[in-house]
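Architecture and fold: a report
Given next are the chains, with one letter for each unit.
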There are 2 protein chains.
Amino acid sequence: MKFLHVMIRVKDVDKSMDFYTKLFDMNLVRTITLDDCVLYFLSDQDGQTQIELTANFETPEDGYKNGDAFGHLAFGVNSMDEFGEKLKSFGCEYTCEPFYMEEAGSTIAFIKDPDGNEIEIIQD
Amino acid sequence: MKFLHVMIRVKDVDKSMDFYTKLFDMNLVRTITLDDCVLYFLSDQDGQTQIELTANFETPEDGYKNGDAFGHLAFGVNSMDEFGEKLKSFGCEYTCEPFYMEEAGSTIAFIKDPDGNEIEIIQD
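Residues numbered from 1 in each chain as written. Chains lettered and ligands numbered in written order. Predicted model: local features only at pLDDT ≥ 70, side-chain atom pairs only at ≥ 80, totals over all residues.

**A closer look at the overall build of chain A**
Put simply, the test is: Comment: elements are numbered from the N terminus, with helices defined as DSSP H or I runs of at least four residues and strands as E runs of at least two. Throughout, the radius of gyration refers to the C-alpha atoms, and the reference size of a globule is 2.2 Å times the residue count to the power 0.38. Counting other C-beta atoms within 10 Å of each residue's C-beta, where C-beta atoms are placed from the backbone, gives the exposure class: buried for 20 or more, exposed for 12 or fewer, partly exposed between. Residues are treated as contacting if the C-beta atoms built from their backbones sit within 7 Å of each other.
Along the backbone of chain A there are two helices and eight strands. Its helices and strands in sequence order give chain A the pattern β-α-β-β-β-β-α-β-β-β, from N to C terminus. In summary, chain A has a C-alpha radius of gyration of 15 Å against a globular reference of 14 Å for 124 residues, a match within 12%. A principal-axis box enclosing the C-alpha atoms of chain A has dimensions of 50 × 35 × 30 Å. Burial statistics for chain A: of 124 residues in total, 31% are counted as buried. In chain A, the share of contacts with a sequence separation of at least 24, taken over all contacts with a separation of at least 6, comes to 49%.

See below:
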């Protein structure tokens, strides 16, 4: 069995598309239009597991709710310094500044996507 | 940049491990023990994007909360019929029975994982 995708609901699809395609270099590989929403499938260069953005035509006024069962999505970067510059030019800030996590042997940091989902950045 | 993993918090790690390794044939590829939790990284056969199960030592009594910003994780199966048999023998039930989704050209169904996260099953 294959792990195909992770679906998240987005309130402002333009903002989310910018976030995932410009900040994380993902590509839009498929769009499905349904009666009540449009589904956008984004892929990284490896193209294995995708992120599906669901843009419902009707969205809750104060946005979707973030529970605590779902934790985060994680992306690997070659250079945390370069990513930091990109993040800044994108007008975003770390919610948790980069630090070395000894147990994982990686430098990690956290940001939030436009819908408040936590995103982990990992530099091995 | 590479889409590395999706993290979810689990209340009963044995139950969740059974669910993801036995029902979805994922493999435990890495474990990291921290002061307050253990992180279990599961991979499918392609091994690209992983699922990270976070087992905190202290968990909320009534379990983690499922928001609606996060939607689901999706797995691809070769045969929905075979999966249905496996699901039954596993003591689980569909929360949404298999149906053909014309717009996607796939048969899809939904179940829930032990923490209430929605899981989509897709047969192309």
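**Some words on the sheet that holds strand E8 (residues 118-123) of chain B**
Whether parallel or antiparallel, the strands of a sheet pair through hydrogen bonds between backbone atoms. Worth spelling out the cut-off: Two strands make a pair as long as DSSP finds a minimum of two bridges between them. Axis angles are defined between N-to-C directions and span 0 to 180 degrees, where every axis is a line fitted to C-alpha atoms and, for a helix, only to the segment in contact.
Read from one edge to the other, the open sheet built from eight strands follows the order E2(A)-E3(A)-E4(A)-E1(A)-E5(B)-E8(B)-E7(B)-E6(B), with strand pairing classed as mixed. Of all strands in the sheet, those with a lone pairing partner are strand E2 (27-33) of chain A together with strand E6 (96-101) of chain B, marking the two edges. Between one strand axis and the next, the sheet turns by 25° as a mean value, whatever way the strands run. Strand direction decides the pairing type here: strand E7 (residues 106-112) of chain B and E8(B), joined by six bridges, are antiparallel. Residue Lys112(B) lies in a different strand from E8(B), and its bridge partner there is Glu118(B).

**Regarding unusual backbone geometry**
In the Ramachandran plot, Asp25(A) falls in the positive-phi region, its phi being about 55° despite a non-glycine side chain. Inspection of the secondary structure puts Asp25(A) in the loop between helix H1 (13-23) and E2.

**Some words on the interface of chain B and chain A**
So the rule is basically this: In this classification, the charged set is Asp, Glu, Lys and Arg, the nonpolar set is Ala, Val, Leu, Ile, Met, Phe, Trp, Tyr, Cys and Pro, and all remaining amino acids, among them Gly, are polar.
Facing 40 residues of chain B, the contacting portion of chain A comprises 40 residues. Counting residues per element, the ones that place at least two in the side of chain B that touches chain A are strand E1 (2-9), strand E2 (27-33), strand E4 (50-56) and strand E5 (70-76) of chain B. Looking at the side of chain B that touches chain A, the element that brings in the most residues is E1(B), giving eight residues. Considered class by class, the residues forming the side of chain B that touches chain A number 19 nonpolar, twelve polar and nine charged.

**Re the relation of the copies chain B and chain A**
Short version of the rule: Copies overlap after least-squares fitting; the atoms used are the C-alpha atoms of residues with pLDDT of at least 70 in both.
Overlay of chain B on chain A (RMSD 0.0 Å): rotation 180°, translation along the axis 0.0 Å. Overall, the copies show the geometry of a two-fold rotation axis. Considering only C-alpha atoms, the residue of chain B closest to the rotation axis is Gly67(B), which sits at 1.9 Å. Residue by residue, 100% of the interface of chain B is reproduced at the interface of chain A, so both copies engage with the same surface.

**Structural notes on the sheet that holds strand E6 (residues 96-101) of chain A**
If you walk across this open sheet you meet the eight strands as E6(A)-E7(A)-E8(A)-E5(A)-E1(B)-E4(B)-E3(B)-E2(B), and the pairing is mixed. If you trace the sheet from one side to the other, it starts and ends with E6 of chain A together with E2 of chain B, each paired once. Between one strand and the next, the sheet's axes are offset by a mean angle of 25°, whatever the strand orientation.

**Remarks on H1(A)**
All names here are of chain A. Put simply, the rule is: Each C-beta atom gives one direction from the helix axis, and the arc is the one those directions make.
Within the span of H1, buried status applies to Ser-16, Phe-19, Tyr-20 and Leu-23. Buried residues in H1, looked at end-on, bunch into an arc of 105°, giving them a common side. Exposed and facing more than 90 degrees away from the buried side of H1 are Asp-14 and Lys-22. Buried residues along H1 sit in contact with strand E3 (37-43), strand E4 (50-56) and helix H2 (80-89). Looking at the residues trailing H1, positive phi occurs at Asp-25, about 55°.

**So, the environment of Pro60(B)**
Within the secondary structure, Pro60(B) sits in the loop between E4 and E5. Residues Pro60(B) and Lys11(B), 49 residues apart in the sequence, show an inter-C-alpha distance of 7.9 Å.

**Observations regarding the pairing of strand E7 (residues 106-112) of chain A**
Residues and elements named next belong to chain A. Where E6 and E7 come together, four bridges link them in antiparallel fashion. Paired with Phe-99 across the bridge in E7 is Ile-108. Hairpin connection of E6 to E7: four residues between the antiparallel strands, including Gly-105 at a positive phi of 70°.

**Structural notes on the domain arrangement of chain A**
Residue and element names in this part refer to chain A. Spelled out, the test is: Where each domain begins and ends is defined by an automated method or by a domain database.
Here the domain parsing of chain A yields domain 1 (1-58) and domain 2 (71-124). One C-alpha centre belongs to domain 1, the other to domain 2, and the line joining them spans 20 Å. Residue-level contacts link eleven residues of domain 1 with eight residues of domain 2. Going through the elements one at a time, strand E1 (2-9) and H1 are the ones with two or more residues in the side of domain 1 that touches domain 2. Of all the elements, H1 adds the most residues to the side of domain 1 that touches domain 2, at five residues. Residues of the side of domain 1 that touches domain 2, tallied by class, amount to six nonpolar, one polar and four charged.

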